[in-house]
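Structure assessment
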Amino acid sequence: MLGLDTFGDVTHDKDDRPLSHAQTIRDIVEQGVLADQVGLDFFGIGEHHTDDFPLSAADVVLGAIAARTSRIRLGSAVTVLSSDDPVRVFQRYSTLNAISGGRAEVILGRGSSIDSFPLFGYDLADYEELFEEKVGLFAGLLKGGPVTWHGNTRASLVDQDVVPHTESGPFPAWIGVGGSPQSVIRAANYGYSLMLAIIGGSPARFAPFSQLFQRALKQFGKAPLPVGVHSPGHVAATDEQAREEFWPRYQEVIRRVSRTRGFAVPTKESFEYEIGPRGALYVGSPETVARKIAANLTALGATRFDLKYAMGGLSHEALMSNIELYGTVVAPRVRELLA
Amino acid sequence: MTTPDSLPRIAVLGAGHTGPVIARVALEAGYPVSIAASGDPDRIALITQVLAPGAEARWAADAVRDADIVVLAIPLHRFPAFDPDLVAGKLVVDTMNYWPPTDGVQELFEATSLGSSEVVARRLARSTVVKTLNHIGYHELDEGRRPAGSADRRALGVAGDDPAAVQTVAGVIERIGYDVVRLDSLAAGRLFEPGGAVFGASLTRGEFQQALGAAAA
Ligand SMILES: NC(=O)c1ccc[n+]([C@@H]2O[C@H](COP(=O)([O-])OP(=O)(O)OC[C@H]3O[C@@H](n4cnc5c(N)ncnc54)[C@H](OP(=O)(O)O)[C@@H]3O)[C@@H](O)[C@H]2O)c1
């Protein structure tokens, strides 16, 4: 399965001026529709709450895409469950599931989003407890039927019917993991699939996580569940074009992210490493990107790859061309390489 | 205790993102390693088996008792509840960072002009604290290793008030696969903190010293 996801980075016009949040959102609807037309399997939107990433209500945007598509699966990438109410998340995605005829998914996680915590009045130091409790409650909601739940992070539920009911059982739900082995165990424990968020360094170093997941499932007496990979990238006609389009945008975004995290700013050298065979970025021609995807899916025992496309400041046109190439050239080539 | 031909025993406290990676690279460098989280070792048995095969998952108190070096790889917001008696008399490697934008605000570390490891050292008054490994991402620790003498060998800073402890820890870092830049006080170790020139940067020894020099100037 090959999918796309976006954090809803604000796009720029042809004179490199930032477009409005509203236009960015309308463009994302078009991008989702194109992803369906070119035969991709999944389109996801990651919740963010900042001026650069104004996609705070991903499910609404996904609803709009659902109304104009018929095949592609639609989901969050990720939903910051810790600062949300699992009941509301279930209601929104179960509604999306209804609108789309059973095409909804959720990926739950921390994401890169720390902005939702102060916004909704949560303390980051409580992250672990919030996530643990809410992931448990959400797993209960997914099963369907009345829910009884007690915990510290929201009001108790007693025999509570939560609507809308799904038509045919739970929709797919994943936990996005960036490097926490406890999260891997937690996903296995509650029966979530595992989405590895690999955004820097060697993808191969995640192979033990994939192993840990399958072994934990076995220990919990559960059947094997899929493992997916989420990584950033950009596809253009040639390696050079992809690099030239992507690097200045990536540099700018990563410079800002680094500053908020206290990291020294990455260099061109580290970028070259990341787009090479041992790095985490998928930037290049369709052939370059397809080979890297196929190699890493195999190395990680994964069956799903979501390319995190868009990087603040790229144009809508560049993104549409990326999607077109990814769907029409990269995806068939990956399938061929894996066959 | 350590004899000249045996390597110091290392106890890693913390089995999250960072702990198992430190345990693994230490094991691969030949050290006997145990690992502990805050509770029952059974809960981290599978994590240890898969991510740091060869390390022994133990209760924290047991791991610490038998160790020469204790690596503190727990979230900083858990440190105020950490029992100083647990590591009394031990050499403690502090890998923790304080960065409110990503970790939230912590009173203990906020109401002071001291560096985070100095705060840690004051609370762990009966331990010897050395600061290192805080400024390299856990995801880089594996791949960043190089044999001694490699032109592109990355340097890590090791800072502490006790020269013998700094010496011991520097030995571990070098054996794991990094060059070392030593600083002779925890106060100087503030230069390794988030927001500083070497935090998250892959630098050779010369570059590292230069970056510190520029920051100190
Ligand atoms: N992220 C990086 O790249 C990086 C690099 C260098 C250093 N660091 C530092 O490493 C530290 C750990 O970060 P992390 O991301 O690995 O944390 P994490 O994934 O949240 O893992 C925390 C671990 O610490 C354990 N723990 C908490 N309190 C404990 C105690 N009193 N005794 C023993 N174990 C305890 C937890 O065990 P339970 O589950 O049993 O509570 C858990 O295994 C942080 O201070 C961070 O600044 C991080």
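Under an unreviewed UniProt entry, the name given to chain B is NADP oxidoreductase, and the organism recorded is Rugosimonospora africana.

It is worth spelling out the UniProt feature "domain: Pyrroline-5-carboxylate reductase catalytic N-terminal" (unreviewed entry) in chain B at this point. With numbering matched to this structure, UniProt assigns "domain: Pyrroline-5-carboxylate reductase catalytic N-terminal" (unreviewed entry) to residues 9-98 of chain B. A helix fraction of 26% and a strand fraction of 20% characterise residues 9-98 of chain B, whose end C-alpha atoms lie 27 Å from each other.

Near the ligand, the surroundings consist of 23 residues, among which A15, H17, S38, I74 and Y138 of chain B are the closest. Surrounding the ligand is a set of residues that belongs to chains A and B. In this structure, an oxygen atom belonging to the ligand sits 2.9 Å away from a side-chain N or O atom of Q182 of chain A. A distance of 2.8 Å separates an oxygen atom of the ligand from a polar atom in the backbone of A15 of chain B. Grouping the amino acids of the shell around the ligand by side-chain chemistry returns 11 nonpolar, 11 polar and one charged.

This next bit is on the sheet that holds strand β4 (residues 69-72) of chain B. All names here are of chain B. On the basis of which strands lie adjacent, the open sheet formed by eight strands has the order β3-β2-β1-β4-β5-β6-β7-β8 and mixed pairing. At either margin of the open sheet sits one strand with a lone partner, and together these are β3 (56-57) and β8 (179-183). Two strands pair when backbone bridges link them, and strand β6 (residues 128-131) and strand β7 (residues 155-160) are joined in this way by two bridges, in the antiparallel orientation. Residue pairing across strands places V130 opposite G160, the latter belonging to β7. Strands β5 (91-94) and β6 of the sheet are contacted by helix α6 (residues 116-123), whose axis makes an angle of about 165 degrees with β6.

To continue, consider the packing of aromatic side chains. Evaluation of the coordinates by the stated rule reveals 17 aromatic pairs over all chains. Here F246 of chain A and Y250 of chain A contribute two aromatic rings whose centre-to-centre distance is 5.4 Å and whose plane-to-plane angle is 20 degrees, an arrangement assigned as stacked. Here the residue F246 of chain A and the residue Y250 of chain A both occupy positions in helix α8 (residues 239-261), the gap between them amounting to four residues, near one helical turn. For the pair F79 of chain B and F82 of chain B, a centre-to-centre distance of 6.0 Å together with 20 degrees between the ring planes defines the contact as stacked. With respect to class, F79 of chain B is no different from F82 of chain B; both count as buried. Here R110 of chain A stacks its cationic end above the ring of Y127 of chain A, 4.8 Å away from the centre of that ring.

Residues and elements named next belong to chain A. Taking 1.5 Å of rise per residue, 15 residues should cover 21 Å, and helix α10 (residues 286-300) covers 21 Å from first to last C-alpha, within 8% of that figure. Along α10, the positions that sit buried rather than exposed are P286, V289, A290, K292, I293, A294, N296, L297 and L300. One or two positions beyond α10, positive phi appears at G301, with a value near 60 degrees.

This part is about the side chain of T132 of chain B. Residue and element names in this part refer to chain B. Summarising the element assignment, T132 is placed in the loop between β6 and β7. From its side chain, T132 meets the backbone oxygen of G157 in a polar contact 2.6 Å long. Setting aside residues up to four positions removed in sequence, T132 forms contacts with V93, D94, T95, L156, G157, V158, V169 and I173.

Right, let's talk about the interface of chain B and chain A for a bit. On the side of chain A, 29 residues touch chain B, which itself brings 26 residues to the contact. Both sides of the chain B and chain A interface together cover about 2,100 Å² of buried area, and 62% of this is carbon and sulfur. For the chain B face of the interface with chain A, the top three residues by lost area are L46, V50 and E143 of chain B, together amounting to 27%. Between chain B and chain A we count one salt bridge in total. The salt bridge partner of R205 of chain A is E143 of chain B, with a shortest N-O separation of 3.9 Å. Across the contact surface, chain B and chain A share eight residue pairs in polar contact (both at pLDDT 80 or more). At the level of secondary structure, the elements contributing two or more residues to the side of chain B that touches chain A comprise α2 (45-51) and α4 (100-103) of chain B. Sort the elements by how many residues they give to the side of chain B that touches chain A and α2 of chain B lands first, with five residues. Here the residues of the side of chain B that touches chain A sort into 13 nonpolar, 11 polar and two charged.

About the criteria used
- Residues numbered from 1 in each chain as written.
- Chains lettered and ligands numbered in written order.
- Predicted model: local features only at pLDDT ≥ 70, side-chain atom pairs only at ≥ 80, totals over all residues.
- Heavy atoms only, no water.
- UniProt positions renumbered as here; feature names shortened; annotations may be inferred.
- Helix = DSSP H or I, 4+ residues; strand = E, 2+ residues; numbered from the N terminus.
- Near = heavy atom within 4 Å.
- Polar contact = N/O pair within 3.5 Å; in protein donor to acceptor, adjacent residues only side chain to side chain.
- Nonpolar A, V, L, I, M, F, W, Y, C, P; charged D, E, K, R; others polar.
- Pairing = 2+ DSSP bridges.
- Contact = heavy atoms within 4.5 Å.
- Axes fitted to C-alpha atoms, helices over the stretch in contact; angles between N-to-C directions.
- Phe/Tyr/Trp six-rings, centres within 6.5 Å; stacked < 30°, edge-to-face > 60°.
- Buried < 20%, exposed > 50% of the residue type's maximum accessible area, 1.4 Å probe, protein only.
- Lys NZ or Arg CZ within 6 Å of the ring centre and 35° of its normal.
- Expected span 1.5 Å × (residues − 1).
- Buried area = accessible area lost by both parts, 1.4 Å probe.
- Salt bridge = Lys/Arg side-chain N within 4 Å of Asp/Glu carboxyl O.

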